[in-house]
Amino acid sequence: MKAESKKNMNIVFIGNSITQGALIATPSHDAPPVKAALYLTKQPSVTSVKYSNQGVSGCTTTDYLPTTETLFPKAKEAADKFADETWATLVFSIMLGTNDSAITGPNGAPASPEKYEENMKAIINQLLALYPSCKIVLHRPVWYSPNTYNGAMYLKEGLNRLQSYYPVLQSLVEEYAKRFPGQVFMGDTEAFDYFKTNYLTDLIPEEGNAGTFYLHPNEKGAAVLGEYWGKAIMKVVE
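We now turn to the structure provided with this report. (Residues numbered from 1 in each chain as written. Predicted model: local features only at pLDDT ≥ 70, side-chain atom pairs only at ≥ 80, totals over all residues. Heavy atoms only, no water.)

Describing the packing of helix H7 (residues 191-202) against helix H8 (residues 219-237)
Remark: H7 packs on H8, axes separated minimally by 10 Å, with the N-to-C direction vectors making an angle of 165 degrees. As far as their axial angle goes, H8 and H7 are roughly antiparallel. The way H7 lies across H8 gives a crossing that is right-handed. For the pair H7 and H8, the contacting residues are Ala191, Tyr194, Phe195, Thr201 and Asp202 in the first and Lys220, Gly221, Val224, Leu225 and Tyr228 in the second. (Axes fitted to C-alpha atoms, helices over the stretch in contact; angles between N-to-C directions. Helix = DSSP H or I, 4+ residues; strand = E, 2+ residues; numbered from the N terminus. Parallel < 35°, antiparallel > 145°, perpendicular 65-115°, else oblique. Left-handed = near helix turned anticlockwise from the far one by under 90°. Contact = heavy atoms within 4.5 Å.)

Listed below in structure tokens is the structure:
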């Protein structure tokens, strides 16, 4: 890849309510993708960053499957708007799995690690087919409290399942490195532990069926998560 193309990025952020910036007063200003883009624009080697936040509250990998034609077409539409800008690196930043891990509620939940892998492969394969020169960054889904229970039931079982997706992502990256070298990468792996430690200051307390739970970043937490994503994306384009 030419050196100058590294300095320009067009990023499509795919995710759920965390990516969307749910419960934050002004997500258009404070959601994690905004903060990730802001971090990237401040890097000396970066000339321009454009992005589209395709985070959808409540969504799962099942909702993002290309065959369901539910959310994937919207991500494709967002990416197609960047299609003519061949001088920029097209990046898909993906963090999915929170809702897949639920015991009941979201579409396709609970998704076993095997099902999660199958769904992620379908999403990645279609992105690579449509955008042969793109880069795909897979972020580890972040921690939520083991009493999380709102419209969907997560609890300790869900948190355990969420953690079972991390090795799946790692193995996917290794697998794609053989078939599509330089295109699919492990993104952030640190935010999970960060929020596990700092949930009282960085996640929003919500009243649920099993007491006060923590799932969504507040403005501070969204900025932290965005920076984690930004650092991970920066490594990929460098």
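A closer look at the environment of Ala36
Here Ala36 shows up in helix H3 (residues 32-41). Along the backbone, Ala36 and Val184 are 148 residues apart, and their C-alpha atoms lie at a distance of 19 Å. Among all residues touching Ala36, those that are not within four sequence positions of it are Phe13, Gly226, Trp229 and Gly230.

Quick word on the pattern of salt bridges
This model, assessed by the stated rule, comprises 9 salt bridges. The partner of Asp30 in a salt bridge is Lys35, with the nearest N and O atoms 3.5 Å apart. Judged by relative accessible area, which is 7%, Asp30 ranks as buried. What emerges from the salt-bridge pattern is a single network uniting Lys121, Glu175 and Arg179. (Salt bridge = Lys/Arg side-chain N within 4 Å of Asp/Glu carboxyl O. Buried < 20%, exposed > 50% of the residue type's maximum accessible area, 1.4 Å probe, protein only.)

Considering unusual backbone geometry
Trans is the common state for peptide bonds, and a negative phi is the common state for residues other than glycine. Cis rather than trans, the peptide bond between Ala109 and Pro110 has omega equal to -5 degrees. Of note in the backbone geometry, Leu155 takes a positive phi value of approximately 55 degrees without being a glycine. Turning to its location among the elements, Leu155 is positioned in helix H6 (residues 155-179).

Topic: the side chain of Asn8
Here Asn8 shows up in strand E1 (residues 8-15). For Asn8, a relative accessible area of 11% gives the class buried. Side chain to side chain, Asn8 and Ser48 meet in a polar contact 2.9 Å long. Once residues within four sequence positions are removed from consideration, Asn8 is found in contact with Thr47, Ser48, Trp87, Ala88 and Thr89. (Polar contact = N/O pair within 3.5 Å; in protein donor to acceptor, adjacent residues only side chain to side chain.)

A word on the layout of surface pockets
Over the atoms rolls a probe the size of a water molecule, and in doing so it shows where empty space is left. Roughly 210 Å³ of volume is contained in the second largest pocket. If you trace the second largest pocket, you find it lined by Phe185, Met186, Gly187, Asp188, Thr189, Glu190, Tyr228, Lys231, Ala232, Lys235 and Val236. Elements supplying a minimum of two residues to the lining of the second largest pocket: strand E5 (184-186) and H8. Considering every element that reaches the lining of the second largest pocket, the biggest residue donor is H8, with 5 residues. Among the residues making up the lining of the second largest pocket, the classes are represented as 5 nonpolar, 2 polar and 4 charged. (1 Å grid on protein atoms, 1.4 Å probe; cavity = no way out; pocket = protein on both sides within 12 Å on 5 of 7 lines; lining within 4 Å. Points joined across faces, edges and corners; volume = space filled by probe spheres on them. Nonpolar A, V, L, I, M, F, W, Y, C, P; charged D, E, K, R; others polar.)

Re H8
For H8, with 19 residues, the first-to-last C-alpha span of 27 Å sits near the 27 Å given by 1.5 Å per residue. Two or three places before Lys220, at the start of H8, stands the capping residue Asn218, its side-chain oxygen 3.1 Å from that residue's backbone nitrogen. (Expected span 1.5 Å × (residues − 1).)

Examining the pairing of strand E3 (residues 89-95)
Most of E3 is tucked away, with 7 of its 7 residues classed as buried. Side chains Thr89, Val91, Ser93 and Met95 project from E3 onto one buried face, and the interleaved Leu90, Phe92 and Ile94 project onto a second face that is buried too. For E1 and E3, the ladder comprises 7 bridges, and the chain directions are parallel. When the bridges of E3 are listed, Asn10 appears paired with Leu90. When E3 meets strand E4 (residues 135-138), the two strands line up parallel, connected through 4 bridges. Bridge pairing links Ile94 to Leu138 in E4. Tracing the backbone out of E3, into helix H5 (residues 113-130) and back to the parallel element E4 gives a crossover that is right-handed. (Pairing = 2+ DSSP bridges. Right-handed = clockwise from strand over helix to strand, strands pointing away.)

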